[in-house]
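So the chains spell out like this:
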Amino acid sequence: MPFDTILQGGHVIDPAAERDGVFDIGILDGKIAAIEPQLDANAAREVRDVAGKIVLPGMIDTHGHIYQHVTGKFGLNPDMVGVQSGVTTVVDQGGPSCMTLPGFRAFIAQPSKTRVLCFISAYLVGGLEGHYYPELYGPDQVNVAHTVRVARENPDLVRGIKAHAEIGGASRWGLDVIKLGKEIARGAGLPLYIHLGQLWPEKEGTHIDPDELVRELVPLMDAGDVLAHPFTRHPGGFISTETGDVHPIVWAALERGVTVDVGHGSHFSFDMARQVIAAGIKPFTLGADMHGYNVKVAAADDDRTKNPFFGVAPFNLTNAMSKILHLGMALPEVVATVTANPAKMLGMEDRIGTLAVGREADVSVIEILDGNFDLSDNSGVSVTAKRMIVPSFCLRAGEFFAATSPLVPPALEKIAA
Ligand SMILES: [Zn+2]
C-alpha cells in the first residue's frame, strides 16, 4: 500500500506553502507522502473523509503551561492542551528552568504524544505555581551562565527564553530581571518572550507608571523577540494609558522585527484587541496561554479561587482563533498565527508549520461552524460571532487523536429569541 492513511477531500489552508484549496493528503510511516488534488482511495489502508472540514499544518500553541505536577496546580496535562485539542505542538512558556529542564524532558516531553518544546524560564526556579511567590523572581534568583549553558545543551527542547516585564516586578527590581533575561537570550542565540501587563501586585508603597515601563522595556528587544499579551486588559500593554493610542515605541519595535504573540489567557480583552488591530497591528502568533488557574477545572479549591486569574471565560486555542477571526483577520491570516508564523518564531520552519512531502505528518483538522456564537473575554465583554472554529482531530506524526480534551470549550450557540 502506498499510503497508511488518506485525508480525503478537505479544504487545505497552508499559508507557508501558499496552498488554499481542496486536496487529498497521503500519509505513510508517519510522514506526508503525497498532497494532490485527488489520490486513489484504494491506495490506502484507511481513508478519512474530511470533506467540508479544514485541513491545516499541525497547529502550534506558542504559549502553554504544561509542566504538570512540578508547577503545582498551574501545569496542565500536555496532551489535553495538545493532541487531544487538535494541537500537535505546544510550547511551555517559562515552566522549566535551567535546574528543572531534565524533569521536563523525562516526565513531560518524552512521554507526551504532543510535540513539546519550551521557552526556558529566565529564573532559577522556573514557573512554580505560576510564579505565585514574587520573591522567587528577582534578579538575585537568575543565573545567566547556567541558563545559557542549559539552553545551548538542549536545542531540541529549548527554543527561547521567557521573562516578565510587568508592574509588580518593576516595582521591586526595575527592569533588572529583563536585562538579565536579554543577556541569557543573547548568550543562547534564542528569542526572548516578554510577558506584558500585570502579574504580581505592586510592592507596598510604590507606584509604577505602566507607560514608562513600556517605554523603557521595548528598546531592549531585538528582531525575533516576542512581545506577549498586547491585548491585555491590565495596564502595561500596547495601548498607552496616557493617550489611549498605541505606544509609538511599539511601532518602532515592530519595524525592527519584534513580533507580537496574543497570549490569550485571562489577559485578552476585546476592547484592547479591537483598538490595536484597528491601528494596524496584527498578531504574528496566537498562543492560548491556558493554565490550571484560568481554565475550567473540575475541582476548584480555595487556592485556585484566590488566584487573580481565577474564573475566566472558557477559551482555548481554537476559541482564540475564532476571536481574532471575529475581529476581522482573514482566515488564512488566522491560520498563519498557529502554523507558519510560530514555526518561524521557533526557528523550526524547516520541520513544522507547513504540509510538505517528506515531513512528519503533523496535521490538524478543524471545522468552522456557522451560527451565532457567544464569545467572551475576562473583562466582561461578550460578542456574537458568526463563525466558530472547533477542532475535529489531529495527526501527530501520522497517529490519530480525536479532539476529546475536556479543555475544549463547548461552542455556545445563542438561541434566537
Ligand atoms: Zn502564560
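### Details of the coordination of the zinc ion
Distances from the zinc ion to its protein donors, His-63 (NE2), His-65 (NE2) and Asp-289 (OD), fall within 2.0 to 2.2 Å. Taken in sequence order, the residues that donate to the zinc ion follow the motif H-x1-H-x223-D. Residue His-63 is located in strand S6 (residues 59-64), and its partner Asp-289 is located in the loop between helix H8 (270-278) and helix H9 (302-306); the two are separated by 226 residues in the primary sequence. Accessibility classification places His-63 together with Asp-289 in one group, the buried group.

### Considering the state of the cysteines
By definition, a disulfide is the covalent link that joins the sulfur atoms of two cysteine residues. Taken as a whole and assessed by the stated rule, the structure comprises zero disulfides. Between Cys-98, a free cysteine, and Cys-118, which holds the nearest cysteine sulfur, the sulfur-to-sulfur gap is 11 Å. Look at Cys-98 and you get buried, because its relative accessible area is 5%.

### Topic: the environment of Pro-210
Inspection of the secondary structure puts Pro-210 in helix H6 (residues 210-217). Spatially, the C-alpha atom of Pro-210 lies 41 Å from that of Ser-392, the residues being 182 residues apart in sequence. For Pro-210, the residues in contact, after removing those within four places along its chain, are Ile-167, Pro-235, Gly-236 and Thr-241.

### Quick look at the environment of Val-142
Considering the arrangement of structural elements, one finds Val-142 in the loop between strand S8 (115-121) and helix H3 (144-153). With a relative accessible area of 13%, Val-142 lands in the buried category. Those residues in contact with Val-142 that lie beyond four places of it in its chain are Ala-122, Tyr-123, Leu-124, Val-177, Leu-180 and Ile-184.

### Considering the confidence of the model for the protein
Across the protein, the average pLDDT comes to 92, with 95% of residues at or above 70. In this model, residues 298-302 is a region of pLDDT below 50 whose contacts with residues beyond four sequence positions or in other chains number three contacts.

Conventions and cut-offs
- Residues numbered from 1 in each chain as written.
- Predicted model: local features only at pLDDT ≥ 70, side-chain atom pairs only at ≥ 80, totals over all residues.
- Heavy atoms only, no water.
- Donors = N, O, S within 2.8 Å, 3.2 Å for Na, K, Ca; no water.
- Helix = DSSP H or I, 4+ residues; strand = E, 2+ residues; numbered from the N terminus.
- Buried < 20%, exposed > 50% of the residue type's maximum accessible area, 1.4 Å probe, protein only.
- Disulfide = S-S within 2.5 Å.
- Contact = heavy atoms within 4.5 Å.
- pLDDT = per-residue confidence, 0-100.

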